[in-house]
Amino acid sequence: MPRTIYLAGPEVFCPAASELGARKKALCEHYGFRGLFPLDGELQQSGSARELGFAISAANEQLIRRADLVIANLTPFRGASADAGTVYELGLARGLGKIIHGYSNDPALFAERTFALFGQGEYGGSELHDCDGLSIEQFDLHDNLMIEGGIALSGGIFLTHRAAEAEKYTDLTAFEALLIRLN
């Protein structure tokens, strides 16, 4: 039976999310894995929006529990860092003792992106601060130290790739490179 991979990431917000999920699952199958995409769960459309949100959360947690490992698209989403939901999913998987892997289609360092969005003065000083005077971490990492640190401590791999801006959430080059390394 092939190992299962939970496919975390902000792709669920893309206009063609189901098709993108199908492409990722096909790549998984090509390399001998079984992909579990967050939109795979069957949900009843009854109840309030809040109830639906909780049902989606519970279904995704069940998919993570069923998976052998997680690959997360950590391309910055609506800010300098990865999607908050994706980061939660990585934390859950790490807490369950699963090996977690990640990739980003933006190879810029976290400090660079944070400074570009929120910094004051010029980039490159020995100590960087945001517009509120708070320090910006500078650890030569592509995202927050807890994200990349958790991946490394789990035995996972983190890769980056420079995707075209229009394809930053849909380019699967780094995702496929991870599957090749895991095969």
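Residues numbered from 1 in each chain as written. Predicted model: local features only at pLDDT ≥ 70, side-chain atom pairs only at ≥ 80, totals over all residues. Heavy atoms only, no water.

1. Points about the pattern of salt bridges
In the structure shown here, the tally under the stated rule is four salt bridges. Of the charged contacts in the structure, one is a salt bridge between lysine 25 and aspartate 40, with a shortest N-O distance of 3.0 Å. Of this pair, lysine 25 sits in helix H1 (residues 17-30) while aspartate 40 sits in the loop between strand E2 (33-36) and helix H2 (49-66), placing them 15 residues apart in sequence. On the accessibility criterion, lysine 25 (29% relative accessible area) is partly exposed. Between arginine 65 and glutamate 61 there is a salt bridge, and its shortest N-O distance comes to 3.8 Å. Of this pair, arginine 65 and glutamate 61 both sit in helix H2, four residues apart, which is roughly one turn of the helix. (Salt bridge = Lys/Arg side-chain N within 4 Å of Asp/Glu carboxyl O. Helix = DSSP H or I, 4+ residues; strand = E, 2+ residues; numbered from the N terminus. Buried < 20%, exposed > 50% of the residue type's maximum accessible area, 1.4 Å probe, protein only.)

2. Overview of the state of the cysteines
Going through the model one piece at a time under the given rule, you end up with zero disulfides. Cysteine 28 takes part in no disulfide bond, and the closest cysteine sulfur, belonging to cysteine 14, lies 16 Å away. Look at cysteine 28 and you get buried, because its relative accessible area is 0%. (Disulfide = S-S within 2.5 Å.)

3. Concerning the packing of aromatic side chains
On inspection of all chains with the given rule, the structure shows three aromatic pairs. On the numbers, 5.3 Å between centres and 20 degrees between planes, the contact of phenylalanine 13 with phenylalanine 77 is stacked. Residue phenylalanine 13 is found in the loop between strand E1 (3-8) and H1, and its partner phenylalanine 77 is found in the loop between strand E3 (69-73) and helix H3 (84-95); the two are separated by 64 residues along the sequence. Ring geometry for tyrosine 103 against phenylalanine 175: centres 6.0 Å apart, planes inclined by 55 degrees, an arrangement best described as tilted. Of this pair, tyrosine 103 sits in strand E4 (residues 99-104) while phenylalanine 175 sits in helix H6 (residues 173-182), and the two are 72 residues apart along the sequence. Like tyrosine 103, the residue phenylalanine 175 is buried in the burial classification. One aromatic cluster is present, built from ring pairs that chain together Phe13, Phe77 and Tyr169. (Phe/Tyr/Trp six-rings, centres within 6.5 Å; stacked < 30°, edge-to-face > 60°.)

4. With respect to the nonpolar core
Side chains that are nonpolar tend, in soluble globular proteins, to be buried together. Residues Ile5, Cys28, Phe33, Ile71, Tyr103, Phe175 and Leu179 are the most contacted members of the largest nonpolar core, which totals 22 residues. Breaking this core down by element, the ones donating at least two residues are E1, H1, E3 and H6. With five residues, H6 is the largest single contributor of residues to this core. By size, the runner-up hydrophobic cluster in this structure holds 17 residues, among which are Ala8, Leu36, Leu63 and Leu90. (Core = buried A, V, L, I, M, F, W, Y, C linked by side-chain atoms within 4.5 Å.)

Read these as spatial facts, not as claims about activity.
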